[in-house]
Amino acid sequence: MLTMLLSRLATAIPSIVGVVVVTFMLTRLLPGDPAAYFAGLAASPQAIAEVRTKLGLDKSLPEQFVAYVGDLLQGNLGNSLSTGQPVTFEIATRLPASAELTLVALLLAVAIAIPLGVLAAVKQGTWIDHLCRIVTTVGVSLPVFFTGLLFAYVFYYLLQWAPAPTGRLDIFLSPPTHITGFYLIDSALTGNAETFWAALRQLALPAISMAIFSLAPLARMTRGSMLAVLGSDFVRTARASGLAPRTVVFTYAFRNAVLPVITVLGMVFSFLLGANVLVETVFAWPGIGLYAVNALITSDYAPVQGFVLTMAVLYVTLNLAIDFVYGLVDPRVRLDS
Amino acid sequence: MLPLLRHARYVLSGNLVTGLAFGLFALFLFAAILGPALAPYNPLQSNAAMALKPPSAAHWFGTDQLGRDIFSRVLVATRLDLTIAFASVVLAFFLGALSGVAAGYFGGWTDRVVGRLADTIMAFPLFVLAMGIVAALGNEVINIVIATAIINFPLYARVARAEANVRRDAGFVEAARLSGNGEGRVLLGHILPNIMPIMMVQMSLTMGYAILNAAGLSFIGLGVRPPAAEWGIMVAEGANFIQSGEWWIALFPGLALMLAVFCFNLLGDGLRDIIDPRMRT
């Protein structure tokens, strides 16, 4: 078990190295003078020269890279120009908002996509199969920022079911005591029903928009792998032995069909983390995506770079976790390693 | 060719949805080519007296905050949106197919370098990487094309690599080599044409994603700059008016965007059915 964990960890190292090199290169690619960018728009030549020395941009490229990696190891991502705060701190405080949104969206997507995929496979060729095909094709075709706006218009402006699409919590409510940073969990832990309900209402529309966008790969993979398993010999044997259809589908087929679905989670996370930026912009969600977009608008480059790096490291970690879960669920993978 | 055409007709007649997608595709192509000539108003002409008017007979899709005709803007934007997506897909194809074919054919260090490159790109959430690239390269339309091509590159490289690897020792490749063709010639003249059908399917499948990606980037203010007519940026402009109930500014460009992506996704599935009946879903 431990060797498996270590070997998986080892496979993530090249990815992390690649990510760090690419993010480093992104700063070197900056059009014009990076020092001028980091110094801000109204900086004097003297200030720019000062920033250049401070950032170490007068050194050679390998030296700069070593300095960059050294900073990273200390958790230093530079300072934001507009707020003057360290980027690491700003990202860390905003991360729970993004994580809560992304995880709720993922749970929703899984809760819709897997039953839909299973049903579509069991009742292949019927209306529910067609429905599955339509939902998945429409789902990936909908620009997530457009769905979000549409929902905001229908459910906030027209029906007034949802609160204003501005942030995580109504401005009249104070956030729950900070425990995990997840408003839903924190308010539940402190028994604050009013805040829990308010946070849930704010979360619903952005999470649904993201879930719709990301359920297609899950549903398609579930359907495909269920179809493959349902056509296999052991399912035929189970059926022939007179087992109840429920037992065949859930105990025999579904357990085996769920394996490939786990592998597709990596792609789902790629979708979700990207969609996160757009949805946060639409719903003024105070997460790291909105932070990066605001930094982009003001040409504040350090936060953008920190954001790209954070997202990439998160993504590599998630993929590692998925790989690990796969190993836990599938005994064959364990035997191989 | 004839059996392929017959097969195409069979698939199209059997699948109404694919036929519909081809129809939509023709419509978008038509709008992209003739859009600027057909637009009833100048897409950049503002008219303060007509600002924020809902759809009417004169302005089918209404007018925006500057009084510009939204129908004309949506129509004219087709060309820019499709050009960005198409250019990025073609660029991704050239980069990905060539390096992928070389990786699959030669193996060894070529394979390792291409594989490592693809893996590194795939280690990022793709939209986030595209954001970083456009932010670094500068706020230009061409950089959206480059960024979108880079994030699509691994898909092409992997498919091309797998297909070339299978054909590396095939009889026709052996024959081409024995009749004195150089490696480059074998690769480009014999292997590449054989994997073109698969690559075409890949292109139409990624086209929808390329449109979404480009529109997403311009939605957050990267690449295309106002007052240019582009669907993503028009939705972004309309977003400011959603809360006050002016739905038409964001709705129509958003619908156009959605339809275009939908059309290319269906088209991709349809093409795959025609070219590779085994993968039919």
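Residues numbered from 1 in each chain as written. Chains lettered and ligands numbered in written order. Predicted model: local features only at pLDDT ≥ 70, side-chain atom pairs only at ≥ 80, totals over all residues. Heavy atoms only, no water.

Overview of the overall build of chain B
Now for step 1: Helix and strand content of chain B: ten helices and zero strands.
Now for step 2: Element order for chain B, N to C, with α for helix and β for strand: α-α-α-α-α-α-α-α-α-α.
Now for step 3: Seen along its three principal axes, the alpha-carbon backbone of chain B occupies a region of about 75 × 45 × 30 Å.
Now for step 4: Counted over contacts in chain B with a minimum sequence separation of 6, partners at least 24 positions apart contribute 73%.
Now for step 5: With an accessible surface of roughly 12000 Å², chain B has 69% of that area assigned to carbon and sulfur atoms.
Now for step 6: Taken together, the 18 basic and 16 acidic charged side chains of chain B have centroids lying 6 Å from each other. (Helix = DSSP H or I, 4+ residues; strand = E, 2+ residues; numbered from the N terminus. Contact = heavy atoms within 4.5 Å. Areas by Shrake-Rupley, 256 points an atom, 1.4 Å probe, with all protein chains shown as cover. Lys, Arg positive; Asp, Glu negative; His and termini not counted. Charge placed at Lys NZ, Arg CZ, Asp CG, Glu CD.)

Let's talk about a nonpolar patch on the surface
Residue and element names in this part refer to chain B.
Now for step 1: Together, Leu29, Phe30, Ile33, Leu34 and Leu38 make up a nonpolar patch on the protein surface, roughly 460 Å² of accessible area in all.
Now for step 2: Position of Leu38 among the secondary structure elements: in helix 2 (residues 16-38).
Now for step 3: Taking relative accessible area as the criterion, Leu38 reaches 46% and is therefore assigned partly exposed. (Patch = residues over 30% accessible without salt bridge, like charges linked within 9 Å, V, L, I, M, F, W, Y side chains within 5 Å. Salt bridge = Lys/Arg side-chain N within 4 Å of Asp/Glu carboxyl O. Buried < 20%, exposed > 50% of the residue type's maximum accessible area, 1.4 Å probe, protein only.)

Topic: the nonpolar core
Now for step 1: Counting 180 residues, the largest nonpolar core has Phe145 and Phe307 of chain A together with Met131 and Ile220 of chain B as its most contacted members.
Now for step 2: Ranked by the residues each element gives to this core, the list is headed by helix 11 (residues 245-282) of chain A, at 18 residues.
Now for step 3: Each of domain 1 (2-73) and domain 2 (88-336) of chain A contributes no fewer than three residues to this core.
Now for step 4: Ignoring anything within four residues of it in the chain, the contact list for Phe307 of chain A reads Ile91, Val277, Ile288, Gly289 and Ala292 of chain A together with Val128 and Met131 of chain B. (Core = buried A, V, L, I, M, F, W, Y, C linked by side-chain atoms within 4.5 Å. Domains from an automatic or database assignment.)

Some words on helix 9 (residues 193-230) of chain A
In an α-helix there are 3.6 residues to a turn, and that puts residues three or four apart on one side.
Now for step 1: Here helix 9 of chain A spans only 45 Å end to end across 38 residues, well under the 56 Å set by a 1.5 Å rise per residue.
Now for step 2: In helix 9 of chain A, a bend of some 40° at Leu215 of chain A exceeds every other bend along the element, and Pro217 of chain A, a proline, comes one to four places later. (Expected span 1.5 Å × (residues − 1). Bend = angle between axes of the 7 residues up to and from the residue.)

What to know about the domain arrangement of chain A
All names here are of chain A.
Now for step 1: Structurally, chain A comprises domain 1 (2-73) and domain 2 (88-336).
Now for step 2: The gap between the C-alpha centroids of domain 1 and domain 2 is 32 Å.
Now for step 3: Each side of the interface is counted separately: domain 1 has 17 residues, and domain 2 has 16 residues.
Now for step 4: For the domain 1 and domain 2 pair, buried surface summed over both sides reaches about 1500 Å², with 80% attributable to carbon and sulfur atoms.
Now for step 5: Together, Met4, Arg8 and Val19 form the three largest contributors to the area buried by domain 1 at its contact with domain 2, with a combined 33%.
Now for step 6: In this assembly, domain 1 and domain 2 are joined by zero salt bridges.
Now for step 7: Of all the secondary structure elements, the ones that give two or more residues to the side of domain 1 that touches domain 2 are helix 1 (2-29), helix 2 (34-39) and helix 4 (61-73).
Now for step 8: The element that contributes the greatest number of residues to the side of domain 1 that touches domain 2 is helix 1, accounting for twelve residues. (Buried area = accessible area lost by both parts, 1.4 Å probe.)

Details of the confidence of the model for chain A
Now for step 1: When pLDDT is averaged along chain A, the result is 84, and 95% of the positions lie at 70 or above.
Now for step 2: The secondary structure element of chain A with the lowest average pLDDT is helix 14 (residues 331-336) of chain A, at 62, and the one with the highest is helix 5 (residues 87-122) of chain A, at 91. (pLDDT = per-residue confidence, 0-100.)

Here we look at the environment of Leu131 of chain A
Now for step 1: Here Leu131 of chain A shows up in helix 6 (residues 127-141).
Now for step 2: Residues Leu131 of chain A and Met311 of chain A, spaced 180 residues apart in sequence, show a C-alpha to C-alpha distance of 34 Å.

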